[in-house]
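Descriptive structure summary
Listed here are the chains, written in short residue letters.
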Amino acid sequence: MTGSQIIFYVLSAAILGLAVLSVTTRKIFRAAIWLLFTLVGIAGLYFWMDVAFIAAVQIIVYVGGIVVLIIFSIFLTQQSGQEMPAPPLLRKVAAVLAAVSGLTLSALLLNRHSFTPADADFDAGPERIGMQMLETGAGGFALPFEAVSILLLAAMIGCIVIAMKTKPAAI
Amino acid sequence: MFLKQYISDVYQGVKSLLRGMRRTGYYFTHHKEIITQEYPDNRDTLVLAERFRGEVVMPHDENNEHACTGCTACELACPNATIKIVTRFDVTPEGKKKKAIDTFVYHLELCTMCNLCVEACPTSAIKMAPTFEHSVTDRSKLIKKLNRPGSKIREGVE
Amino acid sequence: MLSLEHITNAVHQWLYGNLSEGWALFAEFVIIGVLAISLFSILGLVLIMMERKVSAYMQVRIGPNRVGKKGMLQTVADTLKLIVKEGLTPDGADKFLFNLAPFVVMVVAMVILAPIAFAKGFQIWDVNIGVLFVTAVSSVSVIGILMAGWASNNKYSLLGAMRSGAQIVSYELSAGLSILCIVVLTGSLRITDIIAAQENGWWLFKGHIPVIIAFVIFLIAVTAETNRAPFDLAEAESELTAGFHTEYSGMKFALFFLAEYVNVFIVCAIGATLFLGGWMPLHIGHWQGFNHVMDYIPSSVWFLGKTFFLIFVIMWFRWTFPRLRIDQLLNLEWKYLLPISMINLLLVTVIAIAGWHF
């Protein structure tokens, strides 16, 4: 077992353990923090794969954006500091069943495809990603990129419209 | 119009911030402006402000004479009974009785240095002194007698 | 000439010559860790001393002047005091998160240190996404503050943490946009490339007025991101009694305090790298003689000089301006800095495409 493999297994074990902690803890804020560490672990996995750009985006979007948003909504909620009551046994069993079935479904789907390892000089630098993003030919992402940017623009304008104070009617 | 207002806001904001920074920058580079006194080290050369009020004193001249007539205006003016004047009656050579002070008692521990007694005094017999090292080991030492032993009122002060 | 580059290369070769590859890498990690920790403690001592002296002179005072020569050992004495103090954990606090928070803040500061080039060839990790890495990781530091505020079980701490979160999340935008200006001009995210692009002049001088505007916006935004006055609403002593670290004492408080100064150092190092050329000496176009004279000053001195100049500017801000109100703070970001930096980014893009920069 090489050092790289050891790092992979340690990271994966940490991600899985923290994910389990995040769904079993009964304090909502702790759940958010465990989720945060899970996402950081996934970013670590990306760093391990040498796709630093994706890792940085993972940290910016999930850790810096979504988890902070979750924490903010927890802060703004009443009585969020209290421990939640333990769920009834039936719900626990149902949750475990749902998780196991989801896992088996994705495992079955993944097993139907054979994955070939990438060749050694696999380039995922920001230049390559940027060119691929704006590529209009085969394998390019120009259209989805533009569609997503229009969607985000629409969302931002919608936010501004909602947040804008209505002026009193002109006299 | 809106744009003009916006640009002028930004310009004015930056300008006023830079003005503030110029002031602090001036102080940073000009150490002679420092007003801190390194107290116990410069005890001998310490210069206090003219208006510093440390305690009430009664100035006596070289003949051991003061200007207090014993009118008790200061005692009445004092808001917290810091001054207590004990008067006596002297007999003048013409045989008239004249009021004079026997003891001018000043309680430093009660004084708030409000300066009202000095303002009330019609003959400017008392004033505020710029002393501040008042610490003593016993509270009773803070009760001071302001007129010196054997002193008397200056001629011509009514 | 003995330079840091030669020392690191010699150590690297010695380690790889005498140890197996895995152990050599491990040994390098250990050396880097020790160096980073000692850098942090020295930075803490130096910067706190500097802040106290700068603030004193700006407020027409003398400042610390008793412990050691001219008071230079004052921070050492303060650190000793903090070490021997008891680290209290309040009743009703979430103990685990309460104790974890200062370490999160500190570790984040340590991770951001990785891509910074301290001197020529003296860099921990020359990652191809250098500045993006810095912006990404620095957004994690807000988590430590939110954690501390929540776990303290104190309303002041919670308010401070909320304010800090709102502030960091919003000012990250304009800091990111002004960093992007330089990335557009350089065409690379890698710190080495950005420094190499400034060989014939720093971006601040080469990039015309838009880069100067970006520099000013960057300075304002990072002052807000590091929670320093005039943007210190998160710890506002007079209204929130120190905000998120109200309940902290002893060494845990010291870690927060140290992290603030280390973050200031890091953002100033980034600013110096992006706008003032990092370790690159002052070069003016093709004046060979002048450039050669400047090359005699070691690159680490250039880097530290620029960084400490920016730190001084940020301290200057702190001791000049009064604190903003929360609505003024958000107005400044969303109504002024963000629109200006967006238009500025467009201008910089035009300059970069047309090749108008020197």
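Residues numbered from 1 in each chain as written. Chains lettered and ligands numbered in written order. Predicted model: local features only at pLDDT ≥ 70, side-chain atom pairs only at ≥ 80, totals over all residues. Heavy atoms only, no water.

1. Re the nonpolar core
Core analysis: the biggest nonpolar cluster contains 116 residues, and A:Phe29, A:Ile71, C:Ile143, C:Ile266 and C:Phe275 have the highest contact counts within it. It is helix α12 (residues 250-275) of chain C that provides the largest number of residues to this core, a total of 16 residues. In contact with C:Ile143, not counting residues within four places along its chain, are A:Ile33, A:Leu36, A:Val63, A:Val67, A:Val68 and A:Ile71. Membership of the second largest hydrophobic core comes to 22 residues, among which are B:Met58, B:Ile85, B:Ile126 and B:Val157. (Core = buried A, V, L, I, M, F, W, Y, C linked by side-chain atoms within 4.5 Å. Buried < 20%, exposed > 50% of the residue type's maximum accessible area, 1.4 Å probe, protein only. Helix = DSSP H or I, 4+ residues; strand = E, 2+ residues; numbered from the N terminus. Contact = heavy atoms within 4.5 Å.)

2. Remarks on the interface of chain A and chain C
Listed by partner, the interface residues are 26 residues for chain A and 27 residues for chain C. Together, the buried faces of chain A and chain C total about 2200 Å²; carbon and sulfur atoms form 86% of this surface. On the chain A side of the interface with chain C, the three residues burying the most area are A:Phe29, A:Phe72 and A:Phe75, jointly 25% of the side's total. At the boundary of chain A with chain C, the tally comes to zero salt bridges. Counting across the interface, chain A meets chain C through zero residue pairs in polar contact (both at pLDDT 80 or more). (Buried area = accessible area lost by both parts, 1.4 Å probe. Salt bridge = Lys/Arg side-chain N within 4 Å of Asp/Glu carboxyl O. Polar contact = N/O pair within 3.5 Å; in protein donor to acceptor, adjacent residues only side chain to side chain.)

3. Some remarks on the domain arrangement of chain B
By convention, interface size is frequently given as the accessible area that disappears when the constituent parts associate. Here chain B is described as being made up of domain 1 (2-35) and domain 2 (55-153). Domain 1 of chain B and domain 2 of chain B are separated by 52 Å when their C-alpha centres are compared. (Domains from an automatic or database assignment.)

4. Structural notes on a nonpolar patch on the surface
Residue and element names in this part refer to chain A. Taken together, Val 57, Ile 60, Val 61, Tyr 62 and Ile 66 make up a surface patch of nonpolar side chains, about 360 Å² in accessible area. If you trace the backbone, Val 61 turns up in helix α3 (residues 52-75). Using a relative accessible area of 39% as the deciding quantity, one classes Val 61 as partly exposed. (Patch = residues over 30% accessible without salt bridge, like charges linked within 9 Å, V, L, I, M, F, W, Y side chains within 5 Å. Areas by Shrake-Rupley, 256 points an atom, 1.4 Å probe, with all protein chains shown as cover.)

5. Digging into the sheet that holds strand β3 (residues 83-91) of chain B
All names here are of chain B. What the three strands build is an open sheet, ordered β3-β4-β6; its pairing is antiparallel. Edge positions in the open sheet fall to β3 and β6 (143-145), since each of these has one partner strand only. Geometrically, the sheet is characterised by an average inter-axis angle of 25 degrees between neighbouring strands, direction not taken into account. As defined by bridge partners, β3 adjoins strand β4 (residues 97-107) across nine bridges and the pair is classed as antiparallel. Each residue of the ladder has a partner; that of Val 86, found in β4, is Thr 103. (Pairing = 2+ DSSP bridges. Axes fitted to C-alpha atoms, helices over the stretch in contact; angles between N-to-C directions.)

6. Regarding the environment of C:Ile351
All names here are of chain C. Counting through the fold element by element, Ile 351 comes out in helix α15 (residues 326-354). You can call Ile 351 buried: its relative accessible area is 9%. Along the primary structure Ile 351 and Val 184 are separated by 167 residues, whereas in three dimensions their C-alpha atoms are 9.6 Å apart.

7. With respect to the pattern of salt bridges
Residue and element names in this part refer to chain C. Counted under the stated rule, the structure contains 11 salt bridges over all chains. Across the pair Glu 260 and Arg 318 runs a salt bridge whose closest N-O atoms are separated by 3.8 Å. In this pair, Glu 260 is assigned in helix α12 and Arg 318 in helix α14 (residues 299-318), connecting sequence segments 58 residues apart. Side by side, Glu 260 and Arg 318 carry an identical accessibility label, which is buried.

8. Comments concerning the packing of aromatic side chains
Under the definition given, this model contains 26 aromatic pairs over all chains. Chaining the aromatic ring pairs together yields one cluster made of B:Phe28, C:Tyr57, C:Phe312 and C:Trp316. Here the basic side chain of B:Arg23 rests over the ring of B:Tyr27, its NZ or CZ set 5.0 Å away from the ring centre. (Phe/Tyr/Trp six-rings, centres within 6.5 Å; stacked < 30°, edge-to-face > 60°. Lys NZ or Arg CZ within 6 Å of the ring centre and 35° of its normal.)

9. Remarks on a positive patch on the surface
All names here are of chain B. A cluster of basic residues, Lys 15, Arg 19, Arg 22 and Arg 23, forms a positive patch at the surface. Take Arg 23: it is sitting in helix α1 (residues 2-29). Owing to a relative accessible area of 45%, Arg 23 belongs among the partly exposed residues under this scheme. (Lys, Arg positive; Asp, Glu negative; His and termini not counted. Charge placed at Lys NZ, Arg CZ, Asp CG, Glu CD.)

10. Concerning the interface of chain B and chain C
Taken together, the contact pairs 17 residues of chain B with 18 residues of chain C. Of the roughly 1600 Å² buried between chain B and chain C, counting both surfaces, carbon and sulfur atoms make up 71%. At the boundary of chain B with chain C, the tally comes to two salt bridges. With its nearest N and O atoms 3.2 Å apart, the salt bridge here joins C:Arg66 to B:Glu38. Residue classes in the side of chain B that touches chain C are distributed as eight nonpolar, five polar and four charged. (Nonpolar A, V, L, I, M, F, W, Y, C, P; charged D, E, K, R; others polar.)

11. Section: helix α1 (residues 3-24) of chain A
Residues and elements named next belong to chain A. With 22 residues, α1 extends 31 Å between its outermost C-alpha atoms, agreeing within 8% with the 32 Å of an ideal straight helix rising 1.5 Å per residue. Buried residues of α1: Leu 11, Ser 12, Ile 15, Leu 18 and Ser 22, and no others. Down the axis of α1, the sector holding all buried residues measures 135 degrees, keeping them to one side. Facing away from the buried side of α1 by over 90 degrees, the exposed positions are Val 10, Ala 13, Leu 16 and Val 20. Structurally, α1 contributes buried residues whose contacts are with α2 (28-48). (Expected span 1.5 Å × (residues − 1). Arc of directions from axis to C-beta.)

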